[in-house]
Amino acid sequence: MLPSKNENRSFLLFLIAVLLIRGVHIWWIPSLLTGMNPALAVCSKEMSTSGLDALNTMMPPLPSLLLSIPSMLLDIPPGRLIDAAALFLSLAHAAAFWYWLRSLQLSRRVEQATCLIFLFLPMHNGYDGLDSLQTLLAGTVFLGLIAVVNRSQKKWNPRTAFSLLTMAVLLPLIRAEYLIFVPLFLGLSYLGSRISAGSNEGESVKAAACCIAGLLAGFAIDWSVREWKDDGLVDLRAQYACWTFLDGMPSAWLSPEDDSEFERRLVGVRKFGPPAEYDYSLKKMILAHPGLTFAKGVLSIPHWLFQLGGRLQILPLPAALLALLGFVRLTCLGRSLRHRFLTWHLVSLILVTLPLAGFMLNAEYMRPSYPAMCVFIAYGILGLAGIVHHMIRRFPGRKSTSASFLLLIVCVGLEFCYFYSDAHYPDVPVLVPIIRKADALLQANNSRKVLMDPYSAPIDSASRVHWQNRVCVRNRNREIAPPSTLPPQPVDVMELYQSCTLDLEGPVAVFIWTRGTSLEDLSPLAIRWEKIGFQLIDSAVVNSSRQQSWSVGLYLLEKRD
């Protein structure tokens, strides 16, 4: 049955609201070249010039490919398209959310309240939700997948099978953790349908079979790509899975001084050993310490709950309490078949993130939880409005007026939490001046050779010059301090140079990070380069954060004869 004109109008208004709100928030964030986005953009930049030979085996290929295509068509570096890509994917995510929400067959009042919560939830608007475009894209496809699974319970046809198969094939090519998420969700959903007798068992089996077949096909394609291209472009986020696993140390194992990513990973190294001992294989590390891994997962659950409900920039605690009230209300309404199915469906979406949350505590990996939370919060608001209206019998207006008023307060409160917290992440690198300076210097001196440390990936991804010598990143000592957007300590680029065997004839650009804010702070580092046979041709220094606590110096050097 085709959607009515009113439904199409409501959908269009919802997308316009998402465009406006997400657009303002993305504009407010100084830079989205953080998290995994710089690595994605650099790989896309290389693919736009070198083709599929530049595929990076350290990350799924589809996001890089999707970003490289508009880069080639528009002749714009991928790093400068990150904001536009985030806005586009936010719209796609909103469309998938709408499609999934309609598949739940909620009342119109609950749907409207859920959509408003979705618009203003800090996780969807802030840095935490946008620092990995891969997770945003995967969450979009996953929402579409489960929406089709829900609709397949009433109508099954070849079109439904094709849709499920296609989306299931795409998921492993975007994010590998959905190889866990999808089967776990299907299993929990089937268990819930058996308990509540709320679905057609035959159609559930067909949907699950299509999803599993698609996942296996997507995994086979991804594996074939990795086997064919056994040496990727550059490991900008060296052994990402191992270092993220070591970053997720539970609070019980940390001291008050272990308050940074660097210190947490040091604790992880002391517990599990250096990743190099396991050839940077997370599987080998887990198999070597099964008991310790299990303890880590159990002890990490409180921190996961804190991320889910205690941080203003993800899901503020008052909103989490409203979600809990909504869960209680739905449980009380669970006498009906529809409410039993809805409660179990939403709980299943939250539970699928638990296994991964025990290993990697990043909020973006929990993306399937947040649509479910939006529905729970909506039910919580409507339930609280009913309680308030019942207690204050002289309250003017109808019950719906109380609900609308309370919903307005919650949305304004969520927006306040966004701006009050660091959801817009104000202390990220402001690198536009240094990018322009780098392009001008490299083009004027006809040079593409750059000694790049891992922290210069945002500069590389937005530069119009096609850099060479990125491979020097791979030879950096990664035992303690793996790459990050901002280094926990200044990076000694000279170590990179001395550990590489490169053709450095002609001008070579070097980016040097320091905690100073002037050229004088960087000059001692330049003197070291002069001592090993380089001479300074040109330089530029810009403040790399709004708080002016970091600077990055660009030195164009040429080796003396």
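Source: prediction; values computed, not measured.

A. Representation of the pattern of salt bridges in the model. Applying the stated criterion to the full structure yields five salt bridges. Its salt-bridge partner being Arg102, residue Glu7 comes within 2.3 Å of it at the nearest N-O pair. Here Glu7 is found in helix H1 (residues 5-28), whereas its partner Arg102 is found in helix H4 (residues 82-103), with 95 residues between them in sequence. You can call Glu7 partly exposed: its relative accessible area is 26%. Note that Arg175 is salt-bridged to Glu177, the shortest N-O span being 3.1 Å. Here Arg175 and Glu177 have matching classes, each one buried. A single network of salt bridges, built from pairs that share partners, joins Glu7, Arg102 and Glu111.

B. Representation of a nonpolar patch on the surface in the model. A grouping of Leu65, Ile69, Met72, Leu73 and Leu74 is seen on the molecular surface, where their side chains present a nonpolar patch of about 480 Å² in accessible area. Inspection of the secondary structure puts Leu73 in helix H3 (residues 61-74). On the accessibility criterion, Leu73 (71% relative accessible area) is exposed.

C. Looking closely at the confidence of the model for the protein chain. Per-residue confidence for the protein chain gives a mean pLDDT of 78; residues scoring 70 or more make up 75%. Within the protein chain, H4 carries the highest mean pLDDT (94), whereas helix H23 (residues 493-498) carries the lowest (68). For the stretch residues 471-490, pLDDT sits under 50, and the model shows 71 contacts to residues farther than four places along the chain or on other chains.

D. How the structure looks around unusual backbone geometry. Positive phi is not limited to glycine here, since Asp75 has a value of about 55 degrees. Note on placement: Asp75 falls in the loop between H3 and H4. When its relative accessible area of 60% is taken as the criterion, Asp75 is described as exposed. Of note in this structure, Gln105 is not a glycine but carries a positive phi near 55 degrees. Tracing the backbone through its elements, the reader meets Gln105 in the loop between H4 and helix H5 (108-120). Taking the relative accessible area as the measure of exposure, Gln105 reaches 44% and is therefore partly exposed.

E. Structural detail: the packing of aromatic side chains. Summed over all chains, the structure comprises 15 aromatic pairs. Each ring, one from Phe14 and one from Phe118, has its centre 5.8 Å from the other, and the planes form 45 degrees; the classification is tilted. Of this pair, Phe14 sits in helix H1 while Phe118 sits in helix H5, and the two are 104 residues apart along the sequence. In this structure, Phe14 and Phe118 share a single accessibility class: buried. Plain terms: the ring middles of Phe97 and Trp100 are 5.7 Å apart, the flat faces sit at 50 degrees to each other, and that makes the pair tilted. Note that Phe97 and Trp100 are positioned in helix H4 at a spacing of three residues, about one turn of the helix. What links up through ring pairs into an aromatic cluster is the set Phe11, Phe14, Phe97, Trp98, Trp100 and Phe118. Here Arg22 stacks its cationic end above the ring of Phe118, 5.2 Å away from the centre of that ring.

F. Structural context of the environment of Ala372. Structurally, Ala372 is set in helix H19 (residues 369-391). Classification of Ala372 as buried rests on a relative accessible area of 0%. For the pair formed by Ala372 and His345, sequence separation is 27 residues and the distance between their alpha carbons is 8.5 Å. In contact with Ala372, not counting residues within four places along its chain, are Trp100, Leu346, Leu349 and Ile350.

G. Seen up close, the side chain of His93. Assignment of secondary structure puts His93 in helix H4. Ignoring anything within four residues of it in the chain, the contact list for His93 reads Phe118, His124, Leu136, Gly139, Thr140, Leu143 and Arg367.

H. Fine view of the environment of Ala113. Along the chain, Ala113 turns up in helix H5. On the accessibility criterion, Ala113 (4% relative accessible area) is buried. Taking C-alpha positions, Ala113 is 8.7 Å from Cys374, a pair spaced 261 residues apart along the chain. If we ignore the near neighbours within four places in the chain, the residues touching Ala113 are Ala378 and Leu407.

I. Highlighting H3. In this model, H3 (14 residues) spans 21 Å end to end at C-alpha, consistent with the 20 Å of a helix rising 1.5 Å per residue. Phi for Asp75, located one or two positions after H3, is positive at around 55 degrees.

Conventions adopted
- Residues numbered from 1 in each chain as written.
- Predicted model: local features only at pLDDT ≥ 70, side-chain atom pairs only at ≥ 80, totals over all residues.
- Heavy atoms only, no water.
- Salt bridge = Lys/Arg side-chain N within 4 Å of Asp/Glu carboxyl O.
- Helix = DSSP H or I, 4+ residues; strand = E, 2+ residues; numbered from the N terminus.
- Buried < 20%, exposed > 50% of the residue type's maximum accessible area, 1.4 Å probe, protein only.
- Patch = residues over 30% accessible without salt bridge, like charges linked within 9 Å, V, L, I, M, F, W, Y side chains within 5 Å.
- Areas by Shrake-Rupley, 256 points an atom, 1.4 Å probe, with all protein chains shown as cover.
- pLDDT = per-residue confidence, 0-100.
- Contact = heavy atoms within 4.5 Å.
- Phe/Tyr/Trp six-rings, centres within 6.5 Å; stacked < 30°, edge-to-face > 60°.
- Lys NZ or Arg CZ within 6 Å of the ring centre and 35° of its normal.
- Expected span 1.5 Å × (residues − 1).

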